[in-house]
Each structure stands twice: as C-alpha cells, then as structure tokens.
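Each chain, letter by letter, is given below.
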Amino acid sequence: MSALADRVDALDWTPLLDELDRFGGAQSARPLLDSDECRELAELFDDDALFRSTVDMARHRYGAGRYRYFDYPLPASIAEMRARFYVKLLPVAREWAWRLGRPAPWPDTLDEWLSMCHAAGQHRPTPLILRYGPDDWNALHRDLYGELVFPLQVVIGLDEPGVDHEGGEFLLVEQRARAQSRGTATVLRQGHAFVFTTNDRPVQSVRGWSAAPMRHGVSTVRSGIRRTIGLVLHDAE
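Owing to the predicted nature of the structure, the values given are computational and were not obtained by experimental measurement. (Residues numbered from 1 in each chain as written. Predicted model: local features only at pLDDT ≥ 70, side-chain atom pairs only at ≥ 80, totals over all residues. Heavy atoms only, no water.)

What follows concerns the pattern of salt bridges. Tallied over the entire structure, the rule returns 14 salt bridges. Here Arg 102 makes a salt bridge to Asp 200, at a shortest N to O gap of 2.8 Å. Of the two residues, Arg 102 is situated in the loop between α4 (76-100) and α5 (110-119) and Asp 200 in strand β12 (residues 200-205); the sequence distance between them amounts to 98 residues. For Arg 102, a relative accessible area of 38% gives the class partly exposed. Given a relative accessible area of 10%, Asp 200 falls into the buried group. Between Glu 174 and Arg 182 there is a salt bridge whose closest N-O contact spans 3.2 Å. Assessed through its relative accessible area of 4%, Glu 174 is described here as buried. Within the structure, one salt-bridge network assembled from shared partners comprises Asp 21, Glu 95 and Arg 99. (Salt bridge = Lys/Arg side-chain N within 4 Å of Asp/Glu carboxyl O. Helix = DSSP H or I, 4+ residues; strand = E, 2+ residues; numbered from the N terminus. Buried < 20%, exposed > 50% of the residue type's maximum accessible area, 1.4 Å probe, protein only.)

Structural data, given as structure tokens:
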C-alpha cells in the first residue's frame, strides 16, 4: 500500500463508523490530506482534459455552482482513495444489507465491483470535483446512477471553512417513519473525509430493522469559494 492508502487505513475508524451508524454520516477526526494536497486537487478543476462532463447546477435546477465528473483513467490519488475507501466501508455495506434483509452483491475489491457495474451498463466514472461560489448551493439529492449501487460514499473538503469561505455546510436529511424529517449540518474541514449513506440507513424499532431514506446537499455559500472531492463507489449508466 502507498502512503495515501495507509492514511485512509489510519483514520479514526471506530468512532467514525459508530457515528455513521447512528446518524448516516460522519467526519474523520484527523485530516486525510494536507493543505498542499488539497490545493493541488482543487486546481484540477480547470484542467479540461481530466473530465468527461461538466454540470451547471442552476441550468438543471439542482442548485447553483458547477461540478465535473472525472474521466478514466482517474488521477492516481483519486483512484487510490476510492479503492481504499471501498475496502474500509465494505464491512459496513454488508452489515447494513444484512440488517435490512437485502442482497450484498459487493465483492472484496473495487476493481471487481466496477467490473460488475460495467457489465450491467454502468461504465461511466463517477468521482467528481465540485466548486461553489457566493450564493451557490446544492439541492437535496441521492447519487444513485443505475441499478447497482454501493450504499456509502465519501466527500473530502479542499478549502478551509472560515478562511476560504463562509457557509456551505454539508447537509443530511433523514426521512423518519410517521414523524418529521431530521436534518444535520456539518462544516467540512479542509482535508477531512466525510463518509455518508448514498440512499438510506438501517434504523431499529420494536419491529426490527427498517430503512430510513436519506438525502444530502450543501447549504448556501455566503462568501468565498468552497471545493470538494466526491468519491462515489459505483459507476454510472
């Protein structure tokens, strides 16, 4: 394993996964990337050769801001983090599937899983970089992209909140059975990884486990620039 994969392994996984299980999302206590690495990744946004598509969020009524999907081959650091997060999150995916009585089709490695995605017609890469400026925001949504879905994903903050931007908190909203929805807002720290559910999470009741649907988004950026890397762990149709 390289140093970057080692850093993924060295994150505070026990408390992170406990919080993920309770709320559907959790931020690492220690940074995965340093400020120079964050800046280098943020600067990739302007290299057109790296991307397969660019989305103007306002045009599609997704919010406001822009994001770009990387093309294959992915930048080495993006590919490495994606592969290692898959391995670390695979036991959680399988456990959640068991609780909900669902199939757990995910093999032991990301390469095997992506081969399954591609065989099912999901062959477009989904890692992306997002950039928000003043008054930009992201509507609540889910990143599903096709029939084959990995139930967890990761976002990494590339800018320092309170210095590079104000606002732009990461939002999670959980739809609760027979009750009002519950929302959480998290300030993404520079270089830290936030792991969250792609679609729903298992919640326990007197009747056993059930699925609580969840969506994610970004609150309005009040000033400055906010950029993040998104690591979706399945490919798109």
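What follows picks up the thread again.
Another point: α5. Of all the residues in α5, the buried ones are Leu 110, Trp 113, Leu 114 and Cys 117. The buried residues of α5 all sit within an arc of 95 degrees when viewed along its axis, so they share a single face. Seen from the open side of α5, the exposed residues pointing more than 90 degrees away from its buried face are Asp 111 and Ala 119. In this structure, the buried side of α5 is in contact with α4. One or two positions beyond α5, positive phi appears at Gly 121, with a value near 90 degrees. (Arc of directions from axis to C-beta. Contact = heavy atoms within 4.5 Å.)

With that settled, the discussion passes to the layout of surface pockets. Within this model, the largest pocket holds a volume of roughly 490 Å³. Lining the largest pocket are 31 residues; nearest its centre among them are Tyr 67, Tyr 69, His 141, Asp 143 and Tyr 145. Ranked by the residues each element gives to the lining of the largest pocket, the list is headed by strand β6 (residues 137-141), at 4 residues. Residues of the lining of the largest pocket, tallied by class, amount to 17 nonpolar, 8 polar and 6 charged. (1 Å grid on protein atoms, 1.4 Å probe; cavity = no way out; pocket = protein on both sides within 12 Å on 5 of 7 lines; lining within 4 Å. Points joined across faces, edges and corners; volume = space filled by probe spheres on them. Nonpolar A, V, L, I, M, F, W, Y, C, P; charged D, E, K, R; others polar.)

What follows is about the packing of aromatic side chains. Overall, the coordinates contain 9 aromatic pairs when judged by the stated rule. On the basis of an interplanar angle of 40 degrees and a centroid distance of 4.9 Å, the ring pair of Tyr 86 and Phe 150 is categorised as tilted. A residue pair is termed long-range when its members are at least 10 positions apart, and Tyr 86 in helix α4 and Phe 150 in the loop between β6 and β7 (152-157) qualify at 64 residues. Per residue, the accessibility class of Tyr 86 equals that of Phe 150, and both read buried. Three or more aromatic residues joined by ring pairs make a cluster, and in this case those are Tyr 67, Tyr 69 and Tyr 145. The positively charged end of Arg 52 is found above the aromatic ring belonging to Tyr 69, 4.4 Å away from the centroid. (Phe/Tyr/Trp six-rings, centres within 6.5 Å; stacked < 30°, edge-to-face > 60°. Lys NZ or Arg CZ within 6 Å of the ring centre and 35° of its normal.)

Let us look at the pairing of strand β13 (residues 208-218). Residues in a regular strand project their side chains so that they alternate between the two faces of the sheet. Here 2 bridges tie β6 to β13, and the two strands are oriented antiparallel to one another. From the neighbouring strand, His 141 faces β13, where its bridge partner is His 216. When strand β9 (residues 170-174) meets β13, the two strands line up antiparallel, connected through 5 bridges. Each bridged residue has a counterpart across the sheet, and for Val 173 the counterpart in β13 is Arg 215. Where β12 meets β13, 6 bridges bridge the pair, whose relative direction is antiparallel. Residue pairing in the sheet places Pro 202 in a bridge with Ala 211 of β13. Counting the residues between successive antiparallel strands, the hairpin from β12 to β13 contains 2 residues. (Pairing = 2+ DSSP bridges.)

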